[in-house]
Amino acid sequence: MSKPVLLDTLQNQLGTSSARHCDLPMDERPHADAEMTRVLKTKPVSMASDPSSGAITFWRHDPLHDVVRPMADHVIMTFPAEPVPFERRDGKAFVKGMTRPGTVTIIPAGSTSRWDIHRPLSVLQLYLPQTTLNRVAHEAGTTEVGDLVERTAHPDSITSRLLVSAADALDGCAALDALFRHQLTDLLATRLLAAHAGTAATIQPVMGGLSPKVLGRAIERLRSDSDADVSLAALASEAGVSRFHFCRAFKESTGLSPHAWLRQHRLEQAMNMLRDSNASVVSVAAALGYSSQTAFAAAFKKLTGETPSDWRSRMR
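Parameters and conventions
Residues numbered from 1 in each chain as written. Predicted model: local features only at pLDDT ≥ 70, side-chain atom pairs only at ≥ 80, totals over all residues. Heavy atoms only, no water. Helix = DSSP H or I, 4+ residues; strand = E, 2+ residues; numbered from the N terminus. Buried < 20%, exposed > 50% of the residue type's maximum accessible area, 1.4 Å probe, protein only. Contact = heavy atoms within 4.5 Å. Areas by Shrake-Rupley, 256 points an atom, 1.4 Å probe, with all protein chains shown as cover. Phe/Tyr/Trp six-rings, centres within 6.5 Å; stacked < 30°, edge-to-face > 60°. Lys NZ or Arg CZ within 6 Å of the ring centre and 35° of its normal. 1 Å grid on protein atoms, 1.4 Å probe; cavity = no way out; pocket = protein on both sides within 12 Å on 5 of 7 lines; lining within 4 Å. Points joined across faces, edges and corners; volume = space filled by probe spheres on them. Nonpolar A, V, L, I, M, F, W, Y, C, P; charged D, E, K, R; others polar. Expected span 1.5 Å × (residues − 1). Salt bridge = Lys/Arg side-chain N within 4 Å of Asp/Glu carboxyl O. Axes fitted to C-alpha atoms, helices over the stretch in contact; angles between N-to-C directions. Parallel < 35°, antiparallel > 145°, perpendicular 65-115°, else oblique. Pairing = 2+ DSSP bridges. Core = buried A, V, L, I, M, F, W, Y, C linked by side-chain atoms within 4.5 Å.

Participant: Which parts of the structure should I look at to understand the overall build of the protein?
Facilitator: Helix and strand content of the protein: 13 helices and 11 strands. The buried share among the 316 residues of the protein stands at 48%. Taking the intrachain contacts of the protein between residues at least 6 apart in sequence as the baseline, contacts between residues at least 24 apart amount to 76%. Carbon and sulfur atoms make up 53% of the accessible area of the protein, which amounts to about 15100 Å² in all.

What follows is the structure in C-alpha cells.
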C-alpha cells in the first residue's frame, strides 16, 4: 500500500505558475478534459460527456512528468490494466506506489500536484462538476456536502468497478448509452458522497415504487419508436420526481434500472424484426438507433451469446 511521507519543501517544486493558477476563481480554472489533454499530451481513446452529469474518458498515454494544475472539476480515476509505478507530490505529501486494478485516485477540484508516471498507462477517468455532486446530494436527501478527500491508489473495488463498467457497457446506441451514463454518474456521485467526502453523507432510503399511472407513462416514453427524449432527466421530470428517486423507484417497480429495461426492450424489438421480417441486419441496427452494424452485433451478442445473423438462422 502507498505510504505518504511529508515534504515541507515541495510547494517550491510545484512552481510559481501553478501557485498563480491556484488563485484563479473556480469558474476560470480549466475543465478537466482540457487540462488532462495538456498533461497527457494525447487524445482520449474514447470520451462521452453530458452537461448535466460530467464526462467519462478512457486514456492510453505515455510516461509523464508534469504538474496537474487546479481544475474546475473533480477527477476520479481507476486503472484497469497492469500495475505501473508512479509518484505524486503536492505541498504536503509525497506518495510513491503502483497503480492497481480495484483502486481509485481522486483529484478534488482546485487541487494541484506533480505526477511522475514511469511507464505507459491505461486509465479511466470521471470528470465530475461540483454542481452534479450538489444535485445528487440534494436529491438523495443529504443535509451536508463535504469536500471530496484527495486519494491516491486508494483501495475501493466498488467505485472502481462502477467506473470500469462505463467502458464495458456502452452499446453504440445513443439513447441507451446516454441513459446508462446518466445512471452511472449519479450512482458514482452517490458513492463518492458516502465513501470519499470529508463529511460522509447519509443517503435517505427510497421507499416504494412508482404509481401505476406514472410507471405507465415512463414505459410508454421508453417504448416510443419516435425521437422522444428518453434521457434520465426527461423521464424523472415527467414522473415529477428527481433523477435519484426515479431510478430507484423505477427499479423497485420493475426489477430493472431504466437503462436495463430499455436495453431489454430494444433486444426484443431486434429479435422480432430479425425473426418476422427480411430486413437486413444493417437496417435493423439503424432502425433501433445503433451507430453501426458492428455496434449492434456486439450488443446483441453480449446479451444472447449469438450474432444477429446466427440467431436469425437458428430461429427460422
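Participant: Honestly, the packing of aromatic side chains in this entry has me stumped. Any pointers?
Facilitator: Any aromatic ring pair is given by two values, namely how distant the centres are and how the planes are angled relative to each other. Applying the stated rule across the entire model yields five aromatic pairs. The interplanar angle of 75° and the centroid separation of 6.1 Å between the aromatic rings of Phe300 and Trp311 together place this pair among those described as edge-to-face. With Phe300 in helix 12 (residues 293-304) and Trp311 in helix 13 (residues 308-315), the pair connects residues that are 11 residues apart, well separated along the chain. Each member of the aromatic cluster is reached from another via a ring pair, and the members are Tyr290, Phe296, Phe300 and Trp311. One cation-aromatic arrangement involves Arg248 over Phe244; the distance from NZ or CZ to the ring centre is 3.7 Å.

Participant: Can you walk me through the layout of surface pockets in this structure?
Facilitator: If you add up the space inside the largest pocket, you get close to 330 Å³. Contributing to the lining of the largest pocket are 15 residues, with Gln183, Leu184, Leu187, Cys247 and Ser257 lying nearest its centre. Elements that contribute at least two residues to the lining of the largest pocket include exactly helix 5 (157-168), helix 6 (174-195) and helix 9 (243-254). It is helix 6 that provides the largest number of residues to the lining of the largest pocket, a total of six residues. Looking at side-chain class alone, the lining of the largest pocket contains seven nonpolar, four polar and four charged residues.

Participant: Sorry if this is basic, but what is going on with unusual backbone geometry here?
Facilitator: For residues other than glycine, phi is negative in most cases, and the peptide bonds are mostly trans. In this structure, Lys41 takes a positive phi of about 60° despite not being glycine. The residue Lys41 is located in the loop between helix 3 (32-40) and strand 2 (46-50) in this model.

Participant: Sorry if this is basic, but what is going on with helix 9 here?
Facilitator: Owing to its 3.6 residues per turn, the α-helix aligns residues three or four sequence positions apart on the same side. Between the first and last C-alpha of helix 9 there are 16 Å, a value that for 12 residues agrees with the 16 Å anticipated at 1.5 Å per step. Within the sequence span of helix 9, burial applies to Arg243, Phe244, Phe246, Cys247, Ala249 and Phe250. Of the surrounding elements, those touching the buried residues of helix 9 are helix 4 (130-139), helix 6, helix 7 (212-223), helix 8 (232-239) and helix 10 (258-276). A positive backbone phi angle near 85° is found at Gly255, which sits one or two residues after helix 9.

Participant: Please clarify how the pattern of salt bridges should be interpreted in this entry.
Facilitator: Two side chains of opposite charge can pair, provided their charged atoms sit close to one another. Using the criterion set out here, one finds 16 salt bridges in the structure. Taken together, the shared-partner salt bridges in this structure form one network comprising Glu35, Arg38, Lys41, Asp66 and Arg69.

Participant: What should I look at first to understand helix 10 in this one?
Facilitator: If you check helix 10, its first and last C-alpha atoms are 27 Å apart, about what 19 residues at 1.5 Å a residue would give, namely 27 Å. Along helix 10, the residues that are buried comprise Pro258, His259, Ala260, Trp261, Leu262, His265, Arg266, Leu267, Gln269, Ala270 and Leu274. Taken together, the buried residues of helix 10 touch helix 6, helix 7, helix 9, helix 11 (281-287), helix 12 and helix 13.

Participant: Help me out: how do you make sense of the packing of helix 6 against helix 9 in this one?
Facilitator: Between two packed helices, the angle of one axis relative to the other and the distance separating the axes together describe the packing. In the contact formed by helix 6 and helix 9, the axes pass within 11 Å of each other and the chain directions differ by 105°. On the basis of the axis angle, helix 6 is roughly perpendicular to helix 9. Contact with helix 6, carried on its side by His182, Gln183, Asp186, Leu187 and Thr190, involves Arg243, Phe244, Cys247 and Arg248 of helix 9 and no other residues of that element. In the contact of helix 6 with helix 9, the residues fall into three nonpolar, three polar and three charged.

Participant: What is the right way to look at the environment of Ala270 in this model?
Facilitator: Summarising the element assignment, Ala270 is placed in helix 10. For Ala270, a relative accessible area of 1% corresponds to the buried category. Taking C-alpha positions, Ala270 is 8.4 Å from Phe300, a pair spaced 30 residues apart along the chain. Leave out the neighbours within four places in its chain, and Ala270 touches Val284, Leu288, Phe296 and Phe300.

Participant: Sorry, what's going on with the pairing of strand 2 here?
Facilitator: Each regular strand displays side chains that alternate between the two surfaces of the sheet. Looking at chain direction, strand 2 and strand 3 (residues 54-61) are connected through five bridges and run antiparallel. Across the sheet, Ala48 pairs through a bridge with Ile56, a residue of strand 3.

Participant: Teacher, can you tell me more about the nonpolar core here?
Facilitator: A general tendency of soluble globular proteins is for nonpolar side chains to be buried together. Within the largest apolar cluster, 32 residues are counted, with the highest numbers of intra-cluster contacts made by Leu210, Leu222, Phe246, Phe250, Tyr290, Phe296 and Phe300. The set of elements that each furnish at least two residues to this core consists of helix 6, helix 7, helix 8, helix 9, helix 10, helix 11 and helix 12. In this view, Phe250 contacts Leu210, Leu215, Ala218, Ile219, Leu222, Gly255, Leu256, Ser257, Pro258 and Trp261; residues no more than four positions away in its chain are not counted. Within the second largest apolar cluster, 22 residues are counted, among which are Met36, Leu40, Val123 and Ala153.

Read these as geometric descriptors, not functional statements.
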